[in-house]
Amino acid sequence: MRDAGIEFREVWKKYRRGEMHDSLRDLVPALVRRAVRLQPSADVLQAGDFWALRDVSFTVVPGQTLGIIGANGAGKSTVLKALTKIIRPTRGSCSVRGRIGALIEVAAGFHPDLTGRENVFLQGAIMGMSAAQTRAKFDQIVEFAGVGEFIDTPVKRYSSGMSARLGFSIAAHLDPDVLVIDEILSVGDFTFQERAFGRIRSLARSGMPVVLVSHQLDRVAELCTEALLIERGRVACQGSPDDCIGMYLSGGTAGDGTRDASVTGEPVALHTLHLRESSPVRSGDVIGLRVSGTVADALLPGTLEPVSFSVRSAATGHVVFASSSACCGIDLNGAGRFTLELELQMNVPAGVYVVETSVGDQLHGRGARGGPAVNVCVTDGTGFVGVAQLNPVMRLAEVRLPASAWGPPTA
Amino acid sequence: MAVSDRSIPTLDSSGDAQSADRPSITRDLAEAARDIVQSRGLLYQLALRDVRIRYKQAVMGFGWAVFMPVVIVLAGCLVRVALVRGAGGAVDRLTLAALAVKALPWAFVVGAVGFATPSLTNNMNLLSKVYFPREVLPLAALLAQTFDTVVGATVVAVLLLALGVVHLAALVWMPILTLLLFTLTAAACLFLSCANLFFRDVKYIVQVAITFSIFFTPVLFEPSLLGPSGARLVMLNPIAPLLEGLRLSVVQGHNLLAPLAAHPATAGGAPVIEWAPWWLAYSACWAVGALLVSVLIFHRSESIFADYV
């Protein structure tokens, strides 16, 4: 479908905190009110209400893959539920053009007493496939899930991975116009995850609009063309996946990735952090950073690492490197105002990295307090693949080829 | 405190913008009907699931479909025998046929309402994860019960043949009465499942109501036993004319367009009206009206199911 797409316009969703105390006494008035739509104004927050989504807008057109990231409870799944019409927004509108395929809780419709075969038809129908369509795709579904010999066994005898694989496989064979995926890339074992990811990637590359919610940031970075960072129901960042992931990892504030959270009130205060190069840099390049701060009093002898820094991969969230002023042989005792210059060779694969500074012993996690941070985008430079640059040195020491391989052609 | 209505358009999530302002009953009903027709494949699969899981790992299998009506017939025989001892008369083959003819539809109503009422809350994980027209869940429970009833009906048909109770009027009236009963039950299923989603105590009330409603419904007795005013009162129950109509047409071969009066055994007593044609119209009004109202309520509250479940 050429004009398939998603439009999410200024969506607000109200939920209630705590339990709803409804008793039967309220039944008739409530149903009547609902039937004639005399609900209280949707825009008023009553006691105990809160906004699960506040003014969220985005569009996804063919060719775009939107990744939604954010902490647990930020509102990511609420966005997907509004998209799939499970919930109705309190305000605003969301419209989806084309048939929507939702990979959300892919085994939700499974009944444990039914066999795999019966469940495929049931789950297919729940997801909107006709029995004829399911029958046509049945062999593909079973083969993709890899449960062939157990297809006539009740699902309650399946391992959890098997039923999840079967569920994913059904959903992956839906042929939708728009695809919505919620945190299901972690289904099954490694091989299946790769296969599932490959399937989604091929669908996304074919131009189908995709919305993906995931905590696997490297997957988001790899698959998505756009990203949306949601914090407590609000859009905190909207743009390239690298920017959103970087902000998510650095705790999220300023748009350019520089966090000016200066640390004060300590013997050591950090004020600013500047990146000399303009991002992006190439893999293997050297970047320069300037950190300025103050040492208020003479430091206690126990303060081993007054200023430390770390480089965190935005894709995985892992710290790829960390060090400190003491490790670099700098004594800040009684320095007053100071500026540190730091050079780092970015021997890392392409991606977004967050350089974070902190006061205290970050290496050993003792009393570390976060200081300014900056995002560095690294592009593919030396074409290195993997997680670490091992500086390979390779020499051709000896060549001994079998004579038959290179010998003169026999007449 | 309130934000003005003008600044915030309350649009439908489906995208048709003109809908929210003026709710139109006909449009909502048409929408609900279209949803149900479009998801008939899902309805079939869900009904199939309900039927399958009812008989999987069950020793008696399809025997259960016959079991419930048989129990009701036996209970009815017991009541009859007790009545005969007190007031005279006899338990003959017609009484047995009448009991069977009324027990089966009653078991259908009881079973369908019992299964459909918790159908939405039992499928909570589906409601909050996948979108589909929610009407299919109670309707699938209804269809699964219908399947049981069809199995039971073949047994009743065999019984009627064996008792030699065969009337042409049955062929005319039975489909009409069955359809009305089905409609009425569908309405109850939709309304009660929806109500149970918002108020979980509905499920318990339904259980109690099912248990005691057999006293207010002429299943084990004929309304004429209650005397002239009692008969009229019990016929206010919309199911009563349908059950009585089934008994009169199938067992007695009575044409339901004609009234029927029974003369009491004691001389001089007022005649008891056993059947009046407008009773059928009364039940039909109930069935159609209840279905329209419950579909409307269900369809309009559907969009907030996931918030409340």
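Residues numbered from 1 in each chain as written. Chains lettered and ligands numbered in written order. Predicted model: local features only at pLDDT ≥ 70, side-chain atom pairs only at ≥ 80, totals over all residues.

Student: I tried to follow the overall build of chain B on my own but got confused; where do I start?
Tutor: What chain B contains, in helices and strands, is 13 helices and two strands. Counting over 309 residues, chain B shows a buried share of 42%. When contacts within chain B are restricted to residue pairs at least 6 apart in sequence, long-range pairs at least 24 apart make up 75% of them. (Helix = DSSP H or I, 4+ residues; strand = E, 2+ residues; numbered from the N terminus. Buried ≥ 20, exposed ≤ 12 C-beta atoms within 10 Å, placed from the backbone. Contact = placed C-beta atoms within 7 Å.)

Student: It is not clear to me how the overall build of chain A should be interpreted in this structure. Could you clarify?
Tutor: Summing up its helical and strand segments, chain A has nine helices and 17 strands in all. The buried share of chain A, reckoned over its 411 residues, is 41%. A separation of at least 24 residues holds for 71% of the contacts in chain A among residues at least 6 apart in sequence.

Student: How do you make sense of the sheet that holds strand β5 (residues 100-103) of chain A when you look at a structure like this?
Tutor: Consider a sheet: its strands pair through backbone hydrogen bonds, and that pairing is either parallel or antiparallel. All names here are of chain A. Pairing is mixed in the open sheet, where six strands are placed in the order β5-β6-β7-β3-β8-β9. Each having just a single partner strand, β5 and β9 (234-239) make up the two edges of the open sheet. On average, each strand axis in the sheet is tilted by 15° relative to the strand beside it, whichever way the strands run. Alignment of strand β6 (residues 178-182) against strand β7 (residues 210-213), held across four bridges, turns out to be parallel. Note that in β7 the partner of Val-180 across the bridge is Val-211. Lying on the sheet, helix α2 (residues 76-83) is in contact with β3 (65-69), β6, β7 and β8 (226-231); it crosses β7 at an angle near 150°. In the packing of helix α8 (residues 241-249) onto the sheet, contacts are made with β3, β8 and β9, and the angle to β8 comes to roughly 25°. (Pairing = 2+ DSSP bridges. Axes fitted to C-alpha atoms, helices over the stretch in contact; angles between N-to-C directions.)

Student: Is there a simple way to think about the domain arrangement of chain A in this case?
Tutor: One frequent convention defines the size of an interface as the accessible area lost when the parts assemble. Residues and elements named next belong to chain A. Under the domain assignment used here, chain A contains domain 1 (5-20 + 29-246) and domain 2 (268-379). Every contact between the two is made by six residues of domain 1 and, on the other side, nine residues of domain 2. At the level of secondary structure, the elements contributing two or more residues to the side of domain 1 that touches domain 2 comprise α7 (217-223) and α8. (Domains from an automatic or database assignment.)

Student: Before we go on, may I ask you to explain the packing of helix α4 (residues 93-116) of chain B against helix α7 (residues 136-163) of chain B in this structure?
Tutor: What describes two packed helices is the angle between their axes and the distance between those same axes. Residues and elements named next belong to chain B. Between α4 and α7, the least distance of the axes is 8 Å, while the angle of their chain directions is 170°. It follows that α4 is roughly antiparallel to α7 by the angle criterion. For the contact of α4 with α7, the class distribution of residues is 19 nonpolar, four polar and two charged. (Parallel < 35°, antiparallel > 145°, perpendicular 65-115°, else oblique. Nonpolar A, V, L, I, M, F, W, Y, C, P; charged D, E, K, R; others polar.)

Student: Looking at this model, I keep getting lost on the sheet that holds strand β4 (residues 91-97) of chain A. Mind explaining?
Tutor: Residues and elements named next belong to chain A. Pairing is antiparallel across the open sheet formed by three strands, whose spatial order is β2-β1-β4. At either margin of the open sheet sits one strand with a lone partner, and together these are β2 (49-60) and β4. Each strand axis lies, on average, 20° off the axis of its neighbour in the sheet, ignoring direction. For strand β1 (residues 5-16) and β2, the ladder comprises eight bridges, and the chain directions are antiparallel. Each residue of the ladder has a partner; that of Val-11, found in β2, is Val-56.

Student: So what exactly am I meant to see when it comes to the nonpolar core here?
Tutor: Considering soluble globular proteins, one finds that nonpolar side chains tend to be buried as a cluster. Ranked by internal contacts, the top residues of the largest apolar core, which has 187 residues, are Val-180, Val-211 and Ile-245 of chain A together with Ala-140 and Cys-189 of chain B. The leading source of residues in this core is helix α8 (residues 168-198) of chain B, at 18 residues. Residue assignment places this core across two domains, with domain 1 (5-20 + 29-246) and domain 2 (268-379) of chain A each supplying three or more. Sequence-distant contacts of Ile-245 of chain A, defined by excluding residues within four places in its chain, comprise Ile-69, Leu-217, Val-220, Ala-221, Ala-227, Ala-314, Ala-315 and Val-352 of chain A. (Core = buried A, V, L, I, M, F, W, Y, C linked by C-beta atoms within 7 Å.)

Student: Which parts of the structure should I look at to understand unusual backbone geometry?
Tutor: Most peptide bonds take the trans configuration, and most residues that are not glycine carry a negative phi. Residues and elements named next belong to chain A. Non-glycine residue Glu-10 carries a positive phi angle of around 45°. Mapped onto the elements, Glu-10 comes out in strand β1. Using a count of 17 C-beta atoms within 10 Å as the deciding quantity, one classes Glu-10 as partly exposed. Here the phi dihedral of Asp-175 falls at roughly 60°; this positive angle occurs in a residue that is not glycine.

Student: Sorry if this is basic, but what is going on with the packing of helix α3 (residues 116-126) of chain A against helix α5 (residues 160-172) of chain A here?
Tutor: All names here are of chain A. Contact pair α3 / α5: the axes reach a minimum separation of 10 Å and the direction vectors enclose 40°. Considered as vectors, α3 and α5 are oriented oblique to each other. Here the hand of the crossing between α3 and α5 comes out right-handed. Residue-level contacts link Gly-116, Val-120, Gln-123 and Gly-124 of α3 to Leu-166, Gly-167 and Ile-170 of α5. (Left-handed = near helix turned anticlockwise from the far one by under 90°.)

Student: What is the right way to look at the environment of Ile-170 of chain A in this model?
Tutor: Residues and elements named next belong to chain A. Mapped onto the elements, Ile-170 comes out in helix α5. Spatially, the C-alpha atom of Ile-170 lies 6.5 Å from that of Gly-124, the residues being 46 residues apart in sequence. The residues contacting Ile-170, other than those within four sequence positions of it, are Val-106, Val-120, Gln-123, Gly-124, Met-127 and Ile-141.

Student: Looking at this model, I keep getting lost on α4 of chain B. Mind explaining?
Tutor: The periodicity of an α-helix, 3.6 residues per turn, causes residues three or four places apart in sequence to face the same way. Helix length check: α4 of chain B, at 24 residues, gives a terminal C-alpha distance of 35 Å against a target of 34 Å (1.5 Å per residue), a fit within 8%. In terms of burial, α4 of chain B is a largely internal element, 19 of the 24 residues being buried. (Expected span 1.5 Å × (residues − 1).)

Student: Just checking my understanding: could you explain the confidence of the model for chain A for this structure?
Tutor: For any part of a model where pLDDT is low, the fine detail of the predicted coordinates should not be relied upon. For chain A, per-residue confidence averages 79 on the pLDDT scale, and residues scoring 70 or more make up 79% of the total. For the stretch residues 252-261 of chain A, pLDDT sits under 50, and the model shows 22 contacts to residues farther than four places along the chain or on other chains. (pLDDT = per-residue confidence, 0-100.)

Student: I'm lost on the pairing of β8 of chain A in this one. Help?
Tutor: Remark: a regular strand shows side chains that alternate across the two faces of the sheet. All names here are of chain A. Sheet analysis places β3 next to β8, joined by four bridges and oriented parallel. Paired with Ile-69 across the bridge in β8 is Leu-229. One ladder, built from five bridges, connects β8 with β9; its direction is antiparallel. For Leu-229, the partnering residue across the bridge sits in β9 and is Cys-237. Two successive antiparallel strands, β8 and β9, enclose a turn made up of two residues, where Arg-232 displays a positive phi of approximately 50°.

Student: Where do I start with the confidence of the model for chain B in this structure?
Tutor: All names here are of chain B. With 88% of its residues at a pLDDT of at least 70, chain B reaches an overall mean of 83. Confidence, expressed as mean pLDDT per element, reaches its minimum in chain B at helix α3 (residues 63-87) with 77 and its maximum at helix α12 (residues 277-301) with 94. Across residues 1-20, confidence stays below pLDDT 50; counting only partners more than four residues off in sequence or on other chains, it has 26 contacts. Overall fold confidence (pTM) sits at 0.76, and the ipTM for the predicted complex is 0.82.

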